[in-house]
Amino acid sequence: MVEIAANGMEAKSAPCRELKLSLQKVMVAKTDFVEFQEYYEGVSPEDAQSVFSDYEGFLKRNKFTSKNNVFLVEKIKDENDLEALRPVVKKFPTGWVDITKLNDSDREAVLANCSEMDRLNAWDLLSFEESDQACASCPLAWNKGKCIGTFGPATSSLPAIAEKYGCPIIASAITYAKERKKLTFEDAKELLRETEILKTALVDEGKMAVHRYSGPVERMNTLATACIKAECGFFFC
């Protein structure tokens, strides 16, 4: 399924923009920068067996199984078991480093040796409720509180119709999605023009075309209008 979305990273008015530009956490090898890594507390099965003679009872009381590699402290339900295990609780590094807590030199060292893919920005760390609230107040939330909506399946005939009526952006929608091409603010103006043409063209193409494609055309019209107001581009994905 191909979708259409506003490029919020180009819109200064988009509340998510600054948050997405603010890198917060990165992943490193668990053996690197151990002093900076976040960690979770847990107990190994071997240590648990050394504490409990009735190991199976411990598993049952806390709804663990023999497949558990580590028993997380926060998952141990029986308070008496937790108290008994306190002396053997260990810290297990997660690999995540919060770079906002580091000084400049340490941050530079971590960034030079961290994953290029596993990174979290401030937007990633928002709760669903917080991100929904931000989206609801965003001028680019053109589709019921979201900045993204459906264009249609990759087999859609709308691009062919668009090409027939001289609408090059919509005609290339599937190709642009495959190429991950970013379109500009000026392209948003062109998209708006094309949607106005296609509103009439679909009627000429017949009832089936109106039924199938009036929705995507209307969504692109709304998207283009929002992008023009926010002075940003858009993309198919």
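Shown above is the structure to which this text applies.
One numbering rule holds for all chains: residues counted from 1, following each sequence as written. Local features in this predicted model are restricted to residues whose pLDDT is 70 or higher, and side-chain atom pairs enter the listing and the counts only when it is 80 or higher, whereas totals over whole chains, interfaces and linings include all residues. Remark: hydrogens and water are excluded; side-chain values derive from all non-hydrogen atoms of the structure.

## Examining the sheet that holds strand 7 (residues 148-152)
The strand order 7-1-9-8 describes an open sheet built from four strands, whose pairing is antiparallel. The open sheet terminates on both sides in strands that have one partner only, identified here as strand 7 and strand 8 (182-183). Lying on the sheet, helix 11 (residues 207-230) is in contact with strand 1 (2-6), strand 7 and strand 9 (234-236); it crosses strand 1 at an angle near 20°. When DSSP locates at least two bridges between a pair of strands, those strands are taken to pair. Secondary structure elements follow DSSP: runs of H or I of four or more residues count as helices, runs of E of two or more count as strands, with numbering from the N terminus. Any two residues whose heavy atoms approach within 4.5 Å at even a single point are treated as in contact. Only the stretch in contact is used when fitting a helix axis, every axis being a line fitted to C-alpha atoms; angles between N-to-C directions are given from 0 to 180 degrees.

## Some points on the sheet that holds strand 5 (residues 90-98)
Whenever strands of a sheet pair, they do so through backbone hydrogen bonds, lying parallel or antiparallel. Strands sit in the order 4-3-5-2-6 across an open sheet of five strands; the sheet is antiparallel. On the outer flanks of this sheet lie strand 4 (71-72) and strand 6 (119-121), each paired with one strand and no other. Summarising the sheet, strand 3 (residues 37-43) and strand 5 pair through five bridges and their orientation is antiparallel. Pairing of Glu-41 across the sheet is with Lys-91, part of strand 5.

## Concerning the pattern of salt bridges
The working definition used for a salt bridge is a side-chain nitrogen of Lys or Arg within 4 Å of a carboxyl oxygen of Asp or Glu. By the definition in use, this model includes twelve salt bridges. In this structure, Asp-132 and Lys-146 form a salt bridge, with 3.2 Å as the shortest nitrogen-oxygen distance. Taken as a pair, Asp-132 in helix 6 (residues 128-136) and Lys-146 in the loop between helix 6 and strand 7 lie far apart in primary sequence, 14 residues in all. Owing to a relative accessible area of 37%, Lys-146 belongs among the partly exposed residues under this scheme. Across the pair Lys-199 and Glu-218 runs a salt bridge, and its minimum N-O distance is 3.8 Å. You can see Lys-199 sitting in helix 10 (residues 185-205) and its partner Glu-218 sitting in helix 11, a full 19 residues away along the chain. By relative accessible area, Lys-199 is classed as partly exposed at 33%. Salt bridges sharing common partners tie together Glu-196, Lys-199 and Glu-218. Each residue is placed in one exposure class: buried if its accessible area under a 1.4 Å probe, protein chains only, is under 20% of its type's maximum, exposed if it is over 50%, and partly exposed if it falls in between.

## Let's talk about the environment of Phe-151
Relative to the assigned elements, Phe-151 resides in strand 7. When the C-alpha positions of Phe-151 and Thr-175 are compared, they lie 13 Å apart, and in sequence the two are 24 residues distant. If near-sequence neighbours (up to four positions away) are discounted, Phe-151 is found in contact with Val-2, Glu-3, Ile-4, Ser-156, Leu-158, Pro-159, Ile-170, Ala-173, Ile-174, Pro-216, Met-220 and Phe-236.

## Brief notes about the environment of Val-2
Following the sequence through the fold, Val-2 ends up in strand 1. Counting along the chain gives 171 residues from Val-2 to Ala-173, while the straight-line C-alpha distance between them is 8.4 Å. For Val-2, the residues in contact, after removing those within four places along its chain, are Thr-150, Phe-151, Gly-152, Ala-154, Ile-174, Ala-177, Phe-236 and Cys-237.

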